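Geometric and topological summary
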Amino acid sequence: MDGVTGEVRDPGLQPERTRLAWRRTTLSCTVAAVLAARQAVHGGDVSAAGVLGAGLSLLVWVAFLVVAHRRIAALGRGRPRALRGPAAVAAAGCTVALAGFAVAVVL
Amino acid sequence: MGDFGRDVRLWFSPQRVREEGETPDYRFSLANERTFLAWLRTGLALVGGGFAVDQFLPDLRWGVRVGMALVLLGAGALCALRAVNHWVRCERAMRRGEDLPVSRFPALLSLAVGLVALAMVLAVVSGWTG
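Calculation notes
Residues numbered from 1 in each chain as written. Chains lettered and ligands numbered in written order. Predicted model: local features only at pLDDT ≥ 70, side-chain atom pairs only at ≥ 80, totals over all residues. Heavy atoms only, no water. Salt bridge = Lys/Arg side-chain N within 4 Å of Asp/Glu carboxyl O. Helix = DSSP H or I, 4+ residues; strand = E, 2+ residues; numbered from the N terminus. Buried < 20%, exposed > 50% of the residue type's maximum accessible area, 1.4 Å probe, protein only. Contact = heavy atoms within 4.5 Å. Buried area = accessible area lost by both parts, 1.4 Å probe. Axes fitted to C-alpha atoms, helices over the stretch in contact; angles between N-to-C directions. Parallel < 35°, antiparallel > 145°, perpendicular 65-115°, else oblique. Left-handed = near helix turned anticlockwise from the far one by under 90°.

As recorded in an unreviewed UniProt entry, chain B goes by the name Membrane protein, listed as coming from Streptomyces roseolilacinus.

**A look at the pattern of salt bridges**
Residues and elements named next belong to chain B. Going through the model one piece at a time under the given rule, you end up with 4 salt bridges over all chains. Notably, a salt bridge pairs Asp 54 with Arg 65, separated by 2.7 Å at the nearest N-O pair. Placement of Asp 54 in helix 3 (residues 26-56) and of Arg 65 in helix 4 (residues 62-96) is noted, with a sequence separation of 11 residues between them. Given the relative accessible area of 10%, Asp 54 is considered buried. Across the pair Glu 98 and Arg 96 runs a salt bridge, and its minimum N-O distance is 3.7 Å.

**Looking at the interface of chain B and chain A**
Counting from both sides, the interface comprises 34 residues of chain B and, opposite them, 41 residues of chain A. Taken together, both faces of the contact between chain B and chain A bury some 3,500 Å²; the carbon and sulfur share is 71%. Three residues stand out in chain B for area buried against chain A, namely Tyr 26, Leu 44 and Phe 51 of chain B, and they jointly supply 20% of the buried area on that side. Where chain B packs against chain A, one counts 1 salt bridge. The partner of Glu 33 of chain B in a salt bridge is Arg 71 of chain A, and the shortest N-O contact between them spans 2.6 Å. Elements supplying a minimum of two residues to the side of chain B that touches chain A: helix 1 (2-12), helix 2 (14-19), helix 3 and helix 4 of chain B.

**Regarding the packing of helix 3 (residues 85-106) of chain A against helix 3 of chain B**
Packing of helix 3 of chain A against helix 3 of chain B leaves a shortest axis separation of 10 Å and a crossing angle of 10 degrees. As summarised for this structure, helix 3 of chain A and helix 3 of chain B are arranged roughly parallel, according to the angle between their axes. Along this stretch, helix 3 of chain A crosses helix 3 of chain B, giving a crossing that reads as left-handed. Of the residues in helix 3 of chain B, those in contact with Ala 88, Ala 91, Ala 92, Thr 95, Leu 98, Ala 99, Phe 101, Ala 102 and Val 106 of chain A of helix 3 of chain A are Phe 36, Leu 40, Gly 43, Leu 44, Val 47, Phe 51 and Asp 54 of chain B.

Below you can see the structure in the form of C-alpha cells.
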C-alpha cells in the first residue's frame, strides 16, 4: 500500500486497519453531519438561523476531517506513535458538538 | 470523582501519559485506538439516530419524539466522552502493565438502546391501531 514506508511490515497490518477505522469513522461523521445540516434547513423555509446551523455542522465535519487526515498521514509511517490525547478529544468533541447542536434544534 | 478529574487532565496532556511506565508495543496502542474509534462510531450512530427520529417520525406526538431523540443524543454524547476516557485509561494501564479497566458502561448503553427500541415499537404499534 502506498504511503507505508517501514523497514519491517507488521504482518497483522495494524496501521492499515487503524487507517481504515479512521476512514469508517469519517464516513459515520459525514452521515451525522449531513443529517444535522438537513435538520437545520428543514421544511423549505431557509432562515438565517438555519443557514448558521448548516454552516456550523459543516464546520464540525471539516474539523473531524482535519483530525482524521492528520492521523491517517501519521499512520503511514513504519512504526507509528500512539494517538495523541488532544486529537482523541477533538474527534470526540465533534460528536458531542453534533449532539449538542441537535438538542438545540429539537427543543 | 477525584480519579475522574485526573483522567480528564490526562485527556489533554499526552506527555503526562508518556511519563508513566514503559511504551507498549505500538500494535497494542493501535488496537486501543481502533477500539476508541469503534466507540466513537457508536456515538455518531446514536447521534445520527437522534436526528433521524426527529426528522423521519413527524407523526409521533411531540413528547414521545423529543424524548426518544434526547435519549439517543444524550447516549451518543456520553458514548463519545466515555470513549476518550476509556482510551486514556487503557493506554495508562498498558504502560503500567496493569489489567485493563473494566466498565459497566456497555451494559448500561445496551439497556438504554433496548428501551428506546421498545419505545419505538410501542409507538409504531399504537400508531397503527390508534
